[in-house]
Amino acid sequence: MKFIVKLFPEITIKSRPVRRRFIQRLQNNLQIQLKRISSKITVSSFWDKLEVVLPEGLLDLREEVCGTMQRTPGVQFFLQVVEYPLGDFQDVFERTLPLYVDRIKDKTFKVRVKRHGTHDFTSVDIQRYVGACLLAHTQSAGVDVHNPDVYVDMEIREDRLYVVEKIHQGLGGYPLGTQEAVLSLISGGFDSVVASYMTMRRGSKTHFLFFNLGGKAHEIGVKQVALHLWQQYGSCARVKFVSVPFDEVVGDILQNVHHSHMGVVLKRQMMRAAEQVADFMKIDAIVTGESIAQVSSQTIPNLTIIDQATTKLVIRPLITMDKQDIVDRTKALGCFDIVKMIPEYCGVISDRPTSQAKIKRVLEEEACLDMSVLTKAVYNAQTMAIDQIIENLDIRSDIEALSKVSENQVIVDVRAPTEQERKPLNMPGCEILLVPFYELEAAAAAWGSNTEYLLYCDKGVMSRLHAENLQDKGFENVKIYRPLV
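Computed from a prediction, not measured in an experiment: that's the story for all the values here. (Residues numbered from 1 in each chain as written. Predicted model: local features only at pLDDT ≥ 70, side-chain atom pairs only at ≥ 80, totals over all residues. Heavy atoms only, no water.)

### Description of the overall build of the protein
- If you tally the helices and strands in the protein, you get 18 helices and 19 strands.
- Computed over its C-alpha atoms, the radius of gyration of the protein comes to 29 Å, more than 25% above the 23 Å expected for a compact globule of 485 residues.
- Viewed in the frame of its principal axes, the protein has a C-alpha envelope of about 90 × 50 × 40 Å.
- Going through the 485 residues of the protein one by one, you find that 52% of them count as buried.
- For the protein, restricting intrachain contacts to residue pairs at least 6 apart in sequence, the fraction spanning at least 24 positions comes to 79%.
- Of the accessible surface of the protein, which amounts to about 22,800 Å², a share of 49% is contributed by carbon and sulfur atoms.
- Charge separation in the protein, taken as the distance between the mean sites of 58 positive and 60 negative side-chain charges, equals 5 Å. (Helix = DSSP H or I, 4+ residues; strand = E, 2+ residues; numbered from the N terminus. Rg over C-alpha atoms; globule rule 2.2 N^0.38 Å. Buried < 20%, exposed > 50% of the residue type's maximum accessible area, 1.4 Å probe, protein only. Contact = heavy atoms within 4.5 Å. Areas by Shrake-Rupley, 256 points an atom, 1.4 Å probe, with all protein chains shown as cover. Lys, Arg positive; Asp, Glu negative; His and termini not counted. Charge placed at Lys NZ, Arg CZ, Asp CG, Glu CD.)

Structure (structure tokens):
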């Protein structure tokens, strides 16, 4: 079985050297991925296409092969064809008839022929002949040259005839690796996932940078979605997953920055950390999933302030996209079921956040920060090859969540102090400890072993993440408090 792979149209208008390089890269990318399916699959490149041959004995792999090519950046579409020696017009009709007789029954059709080479006939000549024969020898609804139900497609190249069985749509975009590498800030939410995909589709090897705000479960979820993206759309490239422990950086912000500027300052600290990681990896661009005005930190004035924290190019593929469009794109990517299970974790929740930050005020707030905390976080970053994630996925699901508080149990409110003050937890008769999440480990060292500590936060996100973290450190008397709604 043969497939004719058509290039993303923007590739075809490149200069001759660039076009050749892009085609060679696409050929190499397909070979890497298809060889994992079978070493007998061949990929050949030509000036305006590629040809993929699946041996007859491996036809049961057709769906897997098609799925791989459909998810490969650089492929606009590909034709599943049957190849014959080119005969006369009657022979062409007889080759075409069995493939289309059932497909055009009770439907209108149009014959389309693409011809390359020198012949004593035109494309229109053969279109008219085959079309007339199909009309006479099938139960079609007739010919419709403007809006047919079915296209009868074929290509003639020199002395070979290719009758198209099926047309498969591809991703388009540029072959992965034809553009410079980027570092994508991935949180596991819809936005960062789609942004990462869009740079992969545009041909950039996309490495992943995750800021861990204090939880193993969250990191595992983000690793899973990053791995899925890579396996589906970028597995021909070797990329890195970098995790930076950011809980102490968040704690520094919560204790030293005015609540109205916490969100902007946090993003600026992330940009500074991302720049250091990018410098080490020799990468010039940072990718984020921000969209104008989606949240307070993403207004144009605030984004301008955030960008001033780095000398790197900041790429925002989603900058004008609507949230629902982003969610729909996640579904199309096959990531929705993974992403919806990943909690949206925000280390700081600003009270009445500013949407019009001024650089002078931001710098004043940042003057109170201990920048050595950021340096330490980057120094302690963990880097692994993306394909090693499979070996490191190990998530626990045995942490108990309670809706009632009994004797010998204490509730620990792990929210930030501003949240604790704005919306106090009212539980008459229960002992409540106010311990912001960034102070949990220090506080837990003094907890009694005969008491159970139930961590609480509004959405149950921070509580679960930090309960896992504490249990991993040996605090088995830690559980979660989740009140009934």
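### A look at the sheet that holds strand β14 (residues 382-385)
- Taken together, the six strands give an open sheet; going across it, the order is β13-β12-β9-β10-β11-β14, and neighbouring strands pair in mixed fashion. Both outer strands of the open sheet, β13 (313-315) and β14, are each paired with one neighbouring strand and no more. Averaged over all pairs of adjacent strands, the angle between strand axes in this sheet comes to 25°, irrespective of strand direction. (Pairing = 2+ DSSP bridges. Axes fitted to C-alpha atoms, helices over the stretch in contact; angles between N-to-C directions.)

### Considerations on the sheet that holds strand β7 (residues 150-157)
- An order of β2-β3-β1-β4-β8-β7-β5-β6 is seen for the eight strands of this open sheet, with the pairing classed as mixed. Bordering the open sheet on either side are β2 (42-45) and β6 (142-143), each of which pairs with just one other strand.
- Judged from the nine bridges that link them, strand β4 (residues 75-85) and strand β8 (residues 160-169) form a sheet pairing that is antiparallel. Across the sheet, residue Leu79 finds its bridge partner in β8, namely Ile167.
- In the packing of helix α2 (residues 16-37) onto the sheet, the strands contacted are β1 (2-7), β2, β3 (49-53) and β4, and the crossing angle to β2 comes to about 175°.
- On the sheet, helix α3 (residues 62-70) packs against β1, β3, β4 and β8 and is oriented at approximately 140° with respect to β4.

### Digging into the packing of aromatic side chains
- Scanning the entire structure with this criterion turns up 11 aromatic pairs.
- A ring pair is formed by Phe22 and Tyr174, whose centres lie 5.4 Å apart and whose planes are at 70°; its orientation type is edge-to-face. Placement of Phe22 in helix α2 and of Tyr174 in the loop between β8 and β9 (179-185) is noted, with a sequence separation of 152 residues between them.
- Given the relative accessible area of 3%, Phe22 is considered buried.
- Geometrically, the ring pair formed by Tyr197 and Tyr233 is edge-to-face, given 5.2 Å between the ring centres and 70° between the ring planes. Of this pair, Tyr197 sits in helix α6 (residues 190-201) while Tyr233 sits in helix α7 (residues 216-233), and the two are 36 residues apart along the sequence. Here the two residues Tyr197 and Tyr233 agree in accessibility, since each one is buried.
- Every member of this aromatic cluster is reached through a ring pair, and the members are Phe8, Phe22 and Tyr174.
- Lying across the ring of Phe46, Lys49 places its NZ or CZ 5.1 Å from the centre. (Phe/Tyr/Trp six-rings, centres within 6.5 Å; stacked < 30°, edge-to-face > 60°. Lys NZ or Arg CZ within 6 Å of the ring centre and 35° of its normal.)

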